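# Breakdown of the fold
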Amino acid sequence: MSLPAKRRKTRPVRVGELIIGGTAPVAVQSMTNTATTDVAATVRQVKQLETAGCELVRVAVPDREAASRLQEIKQQIAIPLVADIHFDHRLALQALDQQVDKIRINPGNIGGKDKTLEIIKSCQKQGTALRIGVNSGSLEKEFLRQYGGPTPEALASSAVAHVKLCEKVGFDQFIVSIKSSDPLVLVEANRLFAGYNQVPLHLGLTEAGSYPAGAIKTAVGLSPLLLAGIGDTLRVSLTGDPVQEIKVAQEILRATGRRQIGPEIISCPTCGRLNYPMEAIEKQIRHALQECDLPITVAIMGCEVNGPGEARLADVGIAGGRESGLLFRRGKVVKKLPAAELVDGLLDEIDKLSAEASK
Ligand code: SF4
């Protein structure tokens, strides 16, 4: 099998203006960690996430007061809003009245099949998307009993049972997520489920921890799936600022060849052959490109060993020399610059590429 594999065929689900599944690119999402009742703080954080590249945002709805603020939040943001509901199905119905773009529930903690069905039917009536989440921490007792614990088979079987419930009432605008904090269980459960149907999958590893360990653990869990063509949207769950989640998600998508969002920076680890301040230059360039959405490769290389080769293959690049560097653009040397002028020289070339792309 050549990697990455062709995307698994899934049906498209509309979430506000965003399509998840079908031929749409794998969508990047996150969740706020502000109190949803603090509308100003929540909107501020959503805007930060949006700037970083978040395409869909979820907010916690722990009570009626939080649910009552959803419309106010939605009116002030540009990306689709998802209401995260647990334990009380009436909050989902209240969120639907607030015109959210998607509801997320875990049937395992919502209080039984009837309540899940009531939410499914309400989403169907309102034309709102639904995410059905199966988590190892809130798996229904019947599956825990049948499989002796939250095994991949138990998680996938629970998800299939919910798919059948939706199919029974003719509802197809839903997405499934099967999450675990164990990357191996996550991979196996999603693989099992993916072979069964065309329901779009939301990928994520729960309780991953903080950056960088959580990012690495998430990459280990999500990459085999993405490389196999499985996954239509993803959330990287990290303790701390959610903006970090977006950056990690974008890196995972880039590395698995699923999507290039913004520039990809290729840089060597440096070694004793380095003769120019590459680390500082790489930092400045990375910082300057933080909000650039041009899908280009930028190579920043230490010396003549791999430098010219990598820099030539990239859209733009630097190959370091003695207190200087060669500036490359699409395979050709543009000029040789002293170290102090390399950052500006490279950024100028990127500006030119950007101007050409927008013509
Ligand atoms: S490109 Fe040059 S400086 Fe960078 S790691 Fe390779 S040999 Fe060392």
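Owing to the predicted nature of the structure, the values given are computational and were not obtained by experimental measurement.

### Digging into the site of the ligand
- Taken together, the neighbourhood of the ligand is formed by Cys268, Pro269, Thr270, Cys271, Arg273, Leu274, Met301, Gly302, Cys303, Val305, Asn306 and Gly307.
- Tallied by class, the residues present in the shell around the ligand amount to seven nonpolar, four polar and one charged.

### Observations concerning the sheet that holds strand β14 (residues 324-329)
- Spatially, the five strands line up as an open sheet ordered β11-β12-β13-β14-β15, and their pairing is mixed. Two strands in the sheet have a free side with no partner beyond their single neighbour: β11 (264-267) and β15 (332-338). When strand polarity is set aside, the average angle formed by the axes of neighbouring strands in this sheet is 20 degrees.
- Bridging between β14 and β15 involves six bridges; their strand directions are antiparallel. When the sheet's bridge partners are listed, Arg329 is paired in β15 with Lys332.
- Packing against the sheet, helix α13 (residues 342-357) makes contact with β13 (316-320), β14 and β15, and its axis sits at approximately 160 degrees to β13.

### A word on the domain arrangement of the protein chain
- As assigned here, the protein chain comprises domain 1 (13-255) and domain 2 (264-357).
- For domain 1 versus domain 2, the distance between C-alpha centres works out to 38 Å.

### Section: the nonpolar core
- If you look at the biggest cluster of nonpolar residues, it comprises 76 residues, and the most contacted ones within it are Val57, Ala83, Ala95 and Ile103.
- Looking at this core element by element, the count peaks at six residues for helix α8 (residues 183-194).
- Look past the residues within four positions of Ala95 in its chain and what remains in contact with it is Val61, Ala67, Leu70, Ala83, Ile85, Val100 and Ile103.
- Membership of the second largest hydrophobic core comes to 22 residues, among which are Met278, Ile300, Ala314 and Val343.

The rules behind the values
Residues numbered from 1 in each chain as written. Predicted model: local features only at pLDDT ≥ 70, side-chain atom pairs only at ≥ 80, totals over all residues. Near = placed C-beta within 6 Å. Nonpolar A, V, L, I, M, F, W, Y, C, P; charged D, E, K, R; others polar. Pairing = 2+ DSSP bridges. Helix = DSSP H or I, 4+ residues; strand = E, 2+ residues; numbered from the N terminus. Axes fitted to C-alpha atoms, helices over the stretch in contact; angles between N-to-C directions. Contact = placed C-beta atoms within 7 Å. Domains from an automatic or database assignment. Core = buried A, V, L, I, M, F, W, Y, C linked by C-beta atoms within 7 Å. Buried ≥ 20, exposed ≤ 12 C-beta atoms within 10 Å, placed from the backbone.

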